[in-house]
There are 2 protein chains.
Amino acid sequence: MQRYFVDTTYAAAQEAGLRLSGEDYHHSIHVMRMTVGGQCYLAFLDQVVIIAEITSISDDFVSLKEISIETQDKELPIEVTIASGFPKGDKYELIVQKATELGAYHFIGFPGKTSVVKWDQKKLNKKNERLTKIAKEAAEQSHRQHQPTITLVSQFNELVSQLAEYDQVLVAYEEAAKSGEAAQLVQTLTAMEPGQKLLVIFGPEGGLTPAEVETFENLGGKRCGLGPRILRTETAPFYVLSAISYHYELLN
Amino acid sequence: MQRYFVDTTYAAAQEAGLRLSGEDYHHSIHVMRMTVGGQCYLAFLDQVVIIAEITSISDDFVSLKEISIETQDKELPIEVTIASGFPKGDKYELIVQKATELGAYHFIGFPGKTSVVKWDQKKLNKKNERLTKIAKEAAEQSHRQHQPTITLVSQFNELVSQLAEYDQVLVAYEEAAKSGEAAQLVQTLTAMEPGQKLLVIFGPEGGLTPAEVETFENLGGKRCGLGPRILRTETAPFYVLSAISYHYELLN
């Protein structure tokens, strides 16, 4: 069943009446060809998700009524933010799409020392718009309750200044893999409580520099190995999110 | 350091002299611009990996001498085969590249009931060639000791007839995720011994049909959930391989 993220809380939507408008209106009527009586999921800002049924269709919007509330929890028990050094080409699109399916809560992109691409503010805005759309579609497709948000910073220090907001910070560092570091991810996940915030930082293709890693470490970040194979910058977040799901959602 | 898979065993290469020829010759000299004294990894068919140094360069091949043997084990303790229903577009390329980084040992592609693409033998051969090349490059880049192999079958039954060769068979089934099945992957991994063979079967975009799942179940395959979020056909193998690495390489 199709899923739509709507820009209000559940309470506000109940008050105003359940509606789909804009692109979601277009998608439901012209792409999905839904008609009166058809059902879809509506996911609200406060992560309430309901099954709703179309009661009428106007030229601008679809009206719906609530059928039932979704009870299964689709979100990871901890909030995981994936910070990536700007990668080349359309790799960031792949990271956001797949990591959204795998449960990422928030994305931060930053210019790493070895990032080849240089994005000015105009490019950052355009990229953010595109990535937000990809996150929305992937969240709908994977039946998420939360639509991941995207922050692209233009300075490395903007990332650094946010580290204090997290309960735990991990730094995926290729040298940790090479030296066989295996314990940190397990230790961190074992120590965290539901609702806490984890930031995992990944370098661009060229990796993080020792100075960047030191900056993160001085603020409490811990180097973390992801097994003995060297993962590309876009693959490493998939590993971390899958391991987090396995740890909390399947093992426990 | 660059890594090359060579088509002989370690013993045979010692006898014949260490060499790079063909595409690897071209890559080392013209792409990597290596010169006498430069070092690279050589990975042999029997999974021995050495660090070797270039001693001379001719018009056709590079001669090398052994410097040291790689001791860290880069392979998952169990042999994981990823079977995928033929997906659309270039998704199979993505699956092979990323799943190779994540440790897959072997790939089987098969025509699922809901597969949209129809590949004849000529197309299968061409696709196999392309996927083999992608697996080789990804195995080199991720420092694998084994180059994953590719088998594309033209009949569903060719996959079915191979199930008996595996110690365990898991079937990733979207309905298992929806019903909250959480225990099977953990149970299977906990039961397996090093060196055993695991086959994990994934449907194409449209999923496996109930009849296909029943066929696998009748031969001992077990339905397996991968957390509460619905993963795309190309994302689900990344989850399974990351979970396997986490289970054996980080947790234990």
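Let me begin by describing the structure that accompanies this report. (Residues numbered from 1 in each chain as written. Chains lettered and ligands numbered in written order. Predicted model: local features only at pLDDT ≥ 70, side-chain atom pairs only at ≥ 80, totals over all residues. Heavy atoms only, no water.)

1. Points about the relation of the copies chain A and chain B
With an RMSD of 0.1 Å, the fit of chain A onto chain B corresponds to turning through 180° and sliding 0.0 Å along the axis. Taken together, the rotation and translation describe the operation of a two-fold axis. Among all residues of chain A, the one whose C-alpha sits closest to the rotation axis is Ala243(A), at a distance of 2.6 Å. (Least-squares fit on C-alpha atoms with pLDDT ≥ 70 in both.)

2. Re unusual backbone geometry
If you check the backbone angles, Arg33(A) has positive phi at about 50° while not being a glycine. Take Arg33(A): it is sitting in the loop between α2 (22-31) and β3 (39-43). Here the phi dihedral of Gln47(B) falls at roughly 70°; this positive angle occurs in a residue that is not glycine. (Helix = DSSP H or I, 4+ residues; strand = E, 2+ residues; numbered from the N terminus.)

3. A word on the sheet that holds strand β9 (residues 168-172) of chain A
Residue and element names in this part refer to chain A. Read from one edge to the other, the open sheet built from six strands follows the order β8-β7-β6-β10-β9-β11, with strand pairing classed as parallel. Single-partner strands in this sheet number two, and they are β8 (149-152) and β11 (222-224). Taking each pair of neighbouring strands and ignoring which way they run, the sheet shows an average axis angle of 25°. Two strands pair when backbone bridges link them, and β9 and strand β10 (residues 197-202) are joined in this way by four bridges, in the parallel orientation. Pairing of Gln 168 across the sheet is with Leu 198, part of β10. (Pairing = 2+ DSSP bridges. Axes fitted to C-alpha atoms, helices over the stretch in contact; angles between N-to-C directions.)

4. As for the packing of aromatic side chains
Residues and elements named next belong to chain A. Taken as a whole and judged by the stated rule, the model has nine aromatic pairs over all chains. Arranged with centres 4.5 Å apart and planes meeting at 35°, the rings of Phe 86 and Trp 119 form a pair that is tilted. Note that Phe 86 is positioned in the loop between β6 (79-85) and α3 (91-101) and Trp 119 in the loop between β7 (106-110) and α4 (121-141), a separation of 33 residues in sequence. Here the two residues Phe 86 and Trp 119 agree in accessibility, since each one is buried. Every member of this aromatic cluster is reached through a ring pair, and the members are Phe 110, Phe 156 and Phe 216. (Phe/Tyr/Trp six-rings, centres within 6.5 Å; stacked < 30°, edge-to-face > 60°. Buried < 20%, exposed > 50% of the residue type's maximum accessible area, 1.4 Å probe, protein only.)

5. Here's the deal with the packing of helix α3 (residues 91-101) of chain B against helix α4 (residues 121-141) of chain B
Residues and elements named next belong to chain B. Contact geometry for α3 and α4: axes closest at 8 Å, N-to-C directions at 30°. With respect to each other, α3 and α4 are oriented roughly parallel. α3 and α4 meet at a crossing whose hand is right-handed. Contact residues: Tyr 92, Glu 93, Val 96, Gln 97, Thr 100 and Glu 101 in α3; Lys 127, Arg 130, Leu 131, Ile 134, Ala 135, Ala 138, Ala 139 and Gln 141 in α4. Residue composition of the contact of α3 with α4, by class: seven nonpolar, three polar and four charged. (Parallel < 35°, antiparallel > 145°, perpendicular 65-115°, else oblique. Left-handed = near helix turned anticlockwise from the far one by under 90°. Contact = heavy atoms within 4.5 Å. Nonpolar A, V, L, I, M, F, W, Y, C, P; charged D, E, K, R; others polar.)

6. Some remarks on the sheet that holds strand β7 (residues 106-110) of chain B
Residue and element names in this part refer to chain B. Within the open sheet, the six strands sit side by side as β8-β7-β6-β10-β9-β11. Their pairing is parallel. A strand with exactly one partner marks an edge of an open sheet, and here the two such strands are β8 (149-152) and β11 (222-224). Between one strand axis and the next, the sheet turns by 25° as a mean value, whatever way the strands run. Strand direction decides the pairing type here: β7 and β8, joined by four bridges, are parallel. Bridge pairing in β8 links Phe 107 to Ile 150.

7. Thoughts on the side chain of Ser242(A)
Relative to the helices and strands, Ser242(A) is located in helix α9 (residues 236-251). The residues contacting Ser242(A), other than those within four sequence positions of it, are Leu102(A), Phe238(B), Tyr239(B) and Ser242(B).

8. As for the pattern of salt bridges
Scanning all chains against the criterion turns up 28 salt bridges over all chains. Across the pair Arg144(A) and Glu75(A) runs a salt bridge, and its minimum N-O distance is 2.8 Å. Note that Arg144(A) is positioned in the loop between α4 and β8 and Glu75(A) in the loop between β5 (61-69) and β6, a separation of 69 residues in sequence. Per residue, the accessibility class of Arg144(A) equals that of Glu75(A), and both read buried. Each of Lys98(A), Glu101(A), Arg232(B) and Glu234(B) takes part in salt bridges that share partners, so that together they form one network. (Salt bridge = Lys/Arg side-chain N within 4 Å of Asp/Glu carboxyl O.)

9. Brief notes about the side chain of Glu234(B)
With respect to the element layout, Glu234(B) can be found in the loop between β11 and α9 (236-251). Relative accessible area serves as the criterion here: at 3%, Glu234(B) is assigned to the buried category. There is a polar contact of 2.9 Å between the side chain of Glu234(B) and the side chain of Lys98(A). Every residue in contact with Glu234(B), bar those within four places of it in the chain, is listed here: Gln97(A), Lys98(A), Lys91(B), Leu94(B) and Ile95(B). (Polar contact = N/O pair within 3.5 Å; in protein donor to acceptor, adjacent residues only side chain to side chain.)

10. Points about the nonpolar core
Among the nonpolar cores identified, the biggest contains 86 residues, and Leu185(A), Leu226(A), Leu185(B) and Leu226(B) are the most heavily contacted of them. Among residues more than four places away in sequence, those in contact with Leu185(B) are Tyr246(A), Leu250(A), Leu170(B), Cys224(B), Leu226(B), Tyr239(B) and Ala243(B). (Core = buried A, V, L, I, M, F, W, Y, C linked by side-chain atoms within 4.5 Å.)

11. Considering the pairing of β6(A)
Residues and elements named next belong to chain A. Burial of β6 is extensive: six of the seven residues sit out of reach of the surface. Sheet topology places β6 next to β7; five bridges connect them, and they run parallel. Note that in β7 the partner of Ala 83 across the bridge is Ile 108. In the classification by handedness, the crossover that spans β6, the intervening α3 and the parallel β7 is right-handed. (Right-handed = clockwise from strand over helix to strand, strands pointing away.)

12. Structural notes on the interface of chain A and chain B
Interfaces are frequently sized by the accessible area removed from exposure as the parts join. In this assembly, 42 residues from chain A lie in contact with 42 residues from chain B. When chain A packs against chain B, the two sides together hide about 3,700 Å² of surface, and 57% of this comes from carbon and sulfur. It is Arg229(A), Tyr246(A) and Leu250(A) that lose the most area in chain A upon contact with chain B, and together they represent 21% of the buried surface on that side. One can count six salt bridges joining chain A with chain B. For Lys98(A), the salt bridge identified is with Glu234(B), shortest N-O distance 2.9 Å. On the surface where chain A and chain B come into contact, there are 20 residue pairs in polar contact (both at pLDDT 80 or more). (Buried area = accessible area lost by both parts, 1.4 Å probe.)

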